[in-house]
Amino acid sequence: MSGTSKISRRDLMSGLAALSFGALAAPGRAASHTLTSAEEVGKWLITHNALPAHRGMLLAGLTQPDTVTGWQAIVRADFASGRMVSVDGWLISDTEARLCTLAALDVEPWVGA
Amino acid sequence: MILNAKGLTDGAVLEADICIVGAGPAGITAALELAKASGLKILLLESGGTYLEDETQDLYAGPNLGRPYEPLDQARLRFLGGSSNHWAGNCMRLTPVDFEERDWMPGSGWPISYDDIAPYYDLAAPYVQIQEDRPFDFSYWARKIEGQPVDWNPDIFENTVSCSSPPTPFGIEYEQDLERAANISVVLYANVLEIETNETASEVTGLRVVCIDGPRFRVRAKSYVLAQGGIEVARLLLLSDRVIPQGLGNAQDQVGRYFTDHVGIRPALWIWPDQKVDRFKLYEGPTYLDVGGFWGTVASSNDLRRRESIGGFTFYFMQTSNSPGYRSAQTIVRSLKKGDFPPYLSSHVMNIFSDLDGMTNKVYDVVTDKGALIDRSWLAPWLNIECVPNPDSRVRLVDEQDRLGQRRIGMDWKLTEQDLNTVKRATELMAQEIGRMGLGRVWTEALRDDYDWPGSFGLGKHACSTTRMSETPKTGVVDRNCRVHGVANLFVASSSVFRTSSFAQPTLSIVAFSIRLADHLKQLHKAGQP
Ligand SMILES: Cc1cc2nc3c(=O)[nH]c(=O)nc-3n(C[C@H](O)[C@H](O)[C@H](O)COP(=O)(O)OP(=O)(O)OC[C@H]3O[C@@H](n4cnc5c(N)ncnc54)[C@H](O)[C@@H]3O)c2cc1C
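All residue numbers here refer to positions counted from 1 along the written sequence of the relevant chain. Here every chain gets a letter starting at A, and every ligand a number starting at 1, in the order they are written. Given that this is a predicted model, residues contribute local features only at a pLDDT of at least 70 and side-chain atom pairs are listed and counted only at 80 or more, while totals for whole chains, interfaces and linings are drawn from all residues. Side-chain calculation: all heavy atoms of the structure are included, whereas hydrogens and water are not.

**Digging into the overall build of chain B**
Logical step 1: Scanning chain B from N- to C-terminus turns up 13 helices and 22 strands.
Logical step 2: Only protein chains enter the accessibility calculation, which uses a 1.4 Å probe; a residue is then buried when its area is under 20% of its type maximum, exposed when over 50%, and partly exposed in between. With 530 residues in all, chain B has 62% of them scored as buried.
Logical step 3: Here a residue-residue contact requires only that any non-hydrogen atoms of the pair lie within 4.5 Å. For chain B, long-range pairs separated by at least 24 residues make up 74% of all intrachain contacts whose partners lie at least 6 apart in sequence.
Logical step 4: Surface exposure here means Shrake-Rupley accessible area, sampled with a 1.4 Å probe, where a residue is shielded only by the protein chains that are shown. Within the structure as shown, chain B displays about 20300 Å² of accessible surface, and the carbon and sulfur contribution to it stands at 48%. Numbering of helices and strands runs from the N terminus; a helix is a DSSP stretch of H or I covering at least four residues, while a strand is a stretch of E covering at least two.

Spelled out as structure tokens, the structure:
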């Protein structure tokens, strides 16, 4: 992974918000599920072996956008090509799932990845 | 003219050029079309009167032999107008793909193409009283209500219109026309018991008819049209077994097989919209305007159906306040009543605790019986699918008899793994498309590995395919002109001729096929054959 060291964890979290996690994580909205934050989504994914609890492997599958808002295009492309992950019935994109899992691992993904 | 068979003398013989059995949408349309500028003498025989009567309705009862199906005496109505006395009025056309052979779908491929039926849809529209100008033009309706069509990937979905008939009750709507037409005689309370033929079963010589607690009589005509609905057409052919023991038109064991209906998963998924729900206003249930009603639906595109090994499908978007949490609460209550725990109990419990307003709604609903307390908008699309042709899914005669001494028909309905795949793939594609466009997120059970048919699901009550159209008698019952193979003067007007059932509701097509058949019969009679 290169050219990523500028993005901090704060960026990641705002990135997630920019992804309009909607049903899963948007604050202030009556979410339909206990999974109200990115970390919790990530924890769920790890507990259910949906994604590896391994930073390097998670990062390897991530496409990096040039800007924070670029995440949206990546997420949409995931959906377009059917790269979806089920979180207890909720279908999120592979990129979202990876970011959440990284958040759960409490890492700053782009630093020294 | 409308007559009551009770007034006929026992042993009477009624004569006509063309006799039609059954006065539902198919039979009534055929009669009115045949009578138009033809001079042909039309006889329309109807089992019932002008309203529901228990003793006649009971003739429709029959056991369930397979997967649970709607009780047969509730899934249809047996009086003038037939099941159009309780239909919902949703109308779509078949599509070009429906007629094509799909190599992964054994038994697909009609002997006619979409172009053969297309012109008749325009003529059928007024019969079901839908908007006649551009009924199936999505952009027309979008402009009318200033709604914004969703920009689906055209390789996957297309915006499709389901037009809303009032819904036309054919018996009531066309009673006067039938009464006034000089060359139509409708005979009510006339139950056709048997189709009589010559000794090679190559020509119909008459019909044996009886009135409950009334006279028995015969009908002689040059041509006969069976229009008693998708189950009874097969029953009468099977009952007419004097010459061919397996039943008329059934030398190849095709009659009654391939029974199908439209299965509805209600809902298949929940969408938590990331936009105002108003964004979907074109899709949310029927809208009625001065020019008629419509419902914007999302259908599998022609390309998708050619490309992937799945049946056709349509999504009907519904707004709901029944969230996944509400659904989980229901599931748990139902299971506990039966003394067991539902599968995925922990997921259900999670759903309930987290989905607080959904849960509040459920409690409020149970306690007060007043419905939802919190008005919350989810979209919960219903999914209707086309099932693949399956020879083992069938209707067949059983030993039990009705009050007229006729063997009843049993329903042995079956679904296949392939049909379940259609449900799963359709749901997956909808989740993909909603995510791709950033319209929201989807929750569904349908993509679990162990997902199976839900305990209860919607049925169209669209009895199709029991006398399918085919090139040869080996693979079906009627030919391209809806004539029973091998029987010169016997025709069928019904969704029973549909070789494949499409995702479209059948009645508009039934009417279109009736008009096409009437055209054909008029030509035959004009040419003096028969
Ligand atoms: C609840 C419900 C909702 C529906 N909603 C829709 C919808 O939204 N869209 C849609 O396209 N379709 C819908 N349908 C299906 C629609 O009703 C049928 O497709 C349509 O009525 C079929 O028309 P038909 O004339 O072929 O048969 P029928 O309407 O079944 O008419 C057959 C007639 O034949 C008569 N008959 C039967 N046996 C004999 C006999 N032995 N002798 C003499 N007469 C006989 C019967 O009395 C009846 O009048 C719905 C059906 C139901 C039950």
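So much for the structure itself; the text now carries on.
**Details of the overall build of chain A**
Logical step 1: Helix and strand counts for chain A stand at 5 helices and 2 strands.
Logical step 2: Along chain A, from the amino end to the carboxyl end, the secondary structure elements read α-α-α-α-β-β-α.
Logical step 3: Evaluated residue by residue, chain A yields a buried proportion of 46% over its 113 residues.
Logical step 4: Considering only contacts in chain A between residues 6 or more positions apart, those separated by 24 or more positions represent 68%.
Logical step 5: Carbon together with sulfur atoms contributes 52% to the accessible area of chain A, which is approximately 5000 Å² in total.

**Some remarks on the site of the ligand**
All names here are of chain B.
Logical step 1: One heavy atom within 4 Å of a molecule or strand is enough for the residue carrying it to be called near that molecule or strand. Contacts to the ligand come from 36 residues, most closely from Ala-26, Glu-46, Ser-83, Asn-90 and Thr-507.
Logical step 2: Any pair of nitrogen or oxygen atoms within 3.5 Å is treated as a polar contact; in protein, a donor-acceptor pairing is required on top of that, and neighbouring residues in sequence qualify only through side-chain atoms on both sides. In this structure, an oxygen atom belonging to the ligand sits 2.8 Å away from a main-chain N or O atom of Ser-83.
Logical step 3: For the ligand, whose unbound accessible area comes to 1000 Å², protein coverage reaches 93%.
Logical step 4: Contributing elements (two or more residues each) for the shell around the ligand: α1 (25-35), β7 (191-197) and α13 (507-526).
Logical step 5: Gly counts as polar in this scheme, as do all residues outside two lists: the nonpolar Ala, Val, Leu, Ile, Met, Phe, Trp, Tyr, Cys and Pro, and the charged Asp, Glu, Lys and Arg. A class-by-class count of the residues in the shell around the ligand yields 16 nonpolar, 16 polar and 4 charged.

**Quick notes on the pairing of strand β6 (residues 184-188) of chain B**
All names here are of chain B.
Logical step 1: Among the 5 residues of β6, 5 are classified as buried, and the element is accordingly described as predominantly covered.
Logical step 2: Side-chain alternation along β6 places Ile-184, Val-186 and Leu-188 on one buried face and Ser-185 and Val-187 on a second face that is also buried.
Logical step 3: Strands pair, by our definition, only if DSSP identifies at least two bridges between them. Here strand β3 (residues 42-45) runs beside β6; their pairing, made up of 4 bridges, is parallel. Looking across to β6, one finds that Leu-45 is bridged to Val-187.

**Looking at empty space enclosed by the protein**
Residue and element names in this part refer to chain B.
Logical step 1: Here a cavity denotes a set of grid points, spaced 1 Å apart and computed over the protein atoms alone, in which a 1.4 Å probe fits but from which it cannot get out, and a pocket denotes an open set meeting protein on both sides within 12 Å along at least five of seven lines; residues with an atom within 4 Å of a point are reported as lining. Grid points are joined across faces, edges and corners, and a volume is the space filled by probe spheres set on the points. If you walk through the whole model with that rule in mind, you get 2 cavities of 30 Å³ or more.
Logical step 2: Of the pockets and cavities examined, the largest cavity occupies roughly 60 Å³.
Logical step 3: In terms of lining, the largest cavity is formed by Lys-6, Ser-47, Glu-53, Glu-55, Thr-56, Tyr-189, Asn-191, Cys-211 and Ile-212.
Logical step 4: Of the residues assigned to the lining of the largest cavity, the class counts are 3 nonpolar, 3 polar and 3 charged.
Logical step 5: Of the voids in this model, the second largest cavity is the one considered here, and its volume is about 50 Å³.
Logical step 6: If you go around the second largest cavity, the residues you meet are Tyr-258, Thr-260, Cys-387, Val-388, Pro-389, Ser-465, Arg-468, Arg-499, Thr-500 and Ser-501.

**Brief notes about unusual backbone geometry**
Residues and elements named next belong to chain B.
Logical step 1: Between Pro-166 and the following residue, Pro-167, the backbone shows a cis peptide bond with an omega angle of 5 degrees.
Logical step 2: Here Pro-167 shows up in the loop between β5 (157-164) and α6 (170-180).
Logical step 3: A cis geometry characterises the amide bond from Arg-266 onward to Pro-267, with omega recorded as -10 degrees.
Logical step 4: Positive phi values are uncommon outside glycine, yet Asp-213 reaches one of about 50 degrees.
Logical step 5: Not every positive phi belongs to a glycine, and Ser-465 is a case in point at roughly 75 degrees.

**Here's the deal with helix α12 (residues 417-436) of chain B**
Logical step 1: Under the 1.5 Å per step criterion, the end-to-end length of α12 of chain B is 28 Å for 20 residues, consistent within 8% with the ideal 28 Å.
Logical step 2: Burial within α12 of chain B is extensive, with 14 of its 20 residues counted as buried. By definition here, a helix of n residues has an expected span of 1.5 Å times n minus one.

**Observations concerning the packing of aromatic side chains**
Residues and elements named next belong to chain B.
Logical step 1: In this analysis, rings of Phe, Tyr and Trp, with Trp reduced to its six-membered ring, are considered paired at centre separations within 6.5 Å, and the interplanar angle assigns stacked below 30 degrees, edge-to-face beyond 60, and tilted for intermediate values. Taken as a whole and assessed by the stated rule, the structure comprises 25 aromatic pairs over all chains.
Logical step 2: Residues Trp-110 and Phe-498 carry aromatic rings whose centres are separated by 5.9 Å and whose planes lie at 40 degrees to one another, so their mutual orientation is tilted. One end of the pair, Trp-110, is in the loop between α3 (96-99) and α4 (114-124); the other, Phe-498, is in the loop between β22 (490-492) and α13, and 388 residues separate them in sequence.
Logical step 3: Note on Tyr-283 and Phe-317: the rings are 5.7 Å apart at their centroids and 40 degrees apart in plane angle, and the pair reads as tilted.

**As for a negative patch on the surface**
Residue and element names in this part refer to chain B.
Logical step 1: On the surface, a cluster of negative charge is contributed by Glu-417, Asp-449, Asp-450 and Asp-452.
Logical step 2: For Asp-449, the location among the structural elements is in the loop between β20 (440-443) and β21 (458-459).
Logical step 3: On the accessibility criterion, Asp-449 (80% relative accessible area) is exposed. Each patch is built from residues lacking any salt bridge and having more than 30% relative accessible area; the joining distance is 9 Å for like charges and 5 Å for nonpolar side chains (Val, Leu, Ile, Met, Phe, Trp, Tyr). A carboxyl oxygen of Asp or Glu within 4 Å of a side-chain nitrogen of Lys or Arg is what we treat as a salt bridge. When charges are counted, Lys and Arg are positive and Asp and Glu negative, with His and the chain ends excluded. Charged side chains are reduced to one point each, which is NZ for Lys, CZ for Arg, CG for Asp and CD for Glu.

**A short note on the environment of Cys-211 of chain B**
Residues and elements named next belong to chain B.
Logical step 1: Here Cys-211 is to be found in the loop between β8 (204-210) and β9 (216-226).
Logical step 2: Sequence spacing of Cys-211 and Ser-47 is 164 residues, and the spatial spacing of their C-alpha atoms is 8.0 Å.
Logical step 3: Among all residues touching Cys-211, those that are not within four sequence positions of it are Ala-5, Lys-6, Tyr-189 and Asn-191.

**A look at the pattern of salt bridges**
All names here are of chain B.
Logical step 1: This structure, assessed with the given rule, holds 31 salt bridges over all chains.
Logical step 2: The shortest N-O distance in the salt bridge between Glu-232 and Arg-76 comes to 2.8 Å. Placement of Glu-232 in helix α7 (residues 232-239) and of Arg-76 in the loop between α2 (54-57) and β4 (90-91) is noted, with a sequence separation of 156 residues between them.
Logical step 3: A relative accessible area of 7% means that Glu-232 is categorised as buried.
Logical step 4: What makes Arg-76 buried here is its relative accessible area of 6%.
Logical step 5: In this structure, the salt-bridge partner of Asp-412 is Lys-414, at a minimum N-O distance of 2.9 Å.
Logical step 6: Of the residues examined, Lys-414 reaches a relative accessible area of 35% and is grouped as partly exposed.

**Notes on the side chain of Thr-168 of chain B**
Residues and elements named next belong to chain B.
Logical step 1: When you line up the elements, Thr-168 lands in the loop between β5 and α6.
Logical step 2: Polar side-chain contacts of Thr-168 include one of 3.0 Å to the backbone oxygen of Val-128.
Logical step 3: Aside from chain neighbours lying at most four places away, what touches Thr-168 is Ser-84, Trp-87, Tyr-127, Val-128, Gln-129, Glu-173 and Tyr-174.

**Some remarks on the packing of α1 of chain B against α13 of chain B**
The relative placement of two packed helices comes down to the angle between their axes together with the axis-to-axis distance.
Residues and elements named next belong to chain B.
Logical step 1: Angles run from 0 to 180 degrees between N-to-C directions of axes, and those axes are lines fitted to C-alpha atoms, restricted for helices to the stretch in contact. Here α1 crosses α13 at 35 degrees, and the two axes come no closer than 8 Å. Seen along the crossing, α1 lies across α13 with a hand that is right-handed. Residues Pro-25, Ala-26, Thr-29, Ala-30, Glu-33 and Leu-34 of α1 touch α13, and the partners they reach there are Thr-507, Ile-510, Val-511, Ser-514, Ile-515, Ala-518, Leu-521 and Lys-522.
Logical step 2: Counted by class, the contact of α1 with α13 contains 9 nonpolar, 3 polar and 2 charged residues. Take the far helix as the reference: if the near one is turned anticlockwise from it by less than a right angle, the crossing is left-handed, and if turned clockwise, right-handed.

**Here's the deal with the pairing of strand β11 (residues 270-273) of chain B**
All names here are of chain B.
Logical step 1: Covered by surrounding structure in β11 are Trp-270 and Trp-272 together with Ile-271 and Pro-273, the residues of both alternating faces.
Logical step 2: The pairing of β11 with β20 spans 4 bridges and is classified as antiparallel. Each bridged residue has a counterpart across the sheet, and for Trp-272 the counterpart in β20 is Arg-441.

**Some words on α1 of chain B**
All names here are of chain B.
Logical step 1: With 11 of its 11 residues buried, α1 lies for the most part within the structure.
Logical step 2: When α1 is considered as a whole, its buried residues turn out to be Pro-25, Ala-26, Gly-27, Ile-28, Thr-29, Ala-30, Ala-31, Leu-32, Glu-33, Leu-34 and Ala-35.
Logical step 3: Elements in contact with the buried residues of α1: β2 (13-21), β3, α6, β6 and α13.
Logical step 4: Immediately downstream of α1, the backbone of Ala-37 shows phi near 45 degrees, a positive value.

Shape descriptors only; they carry no functional weight alone.
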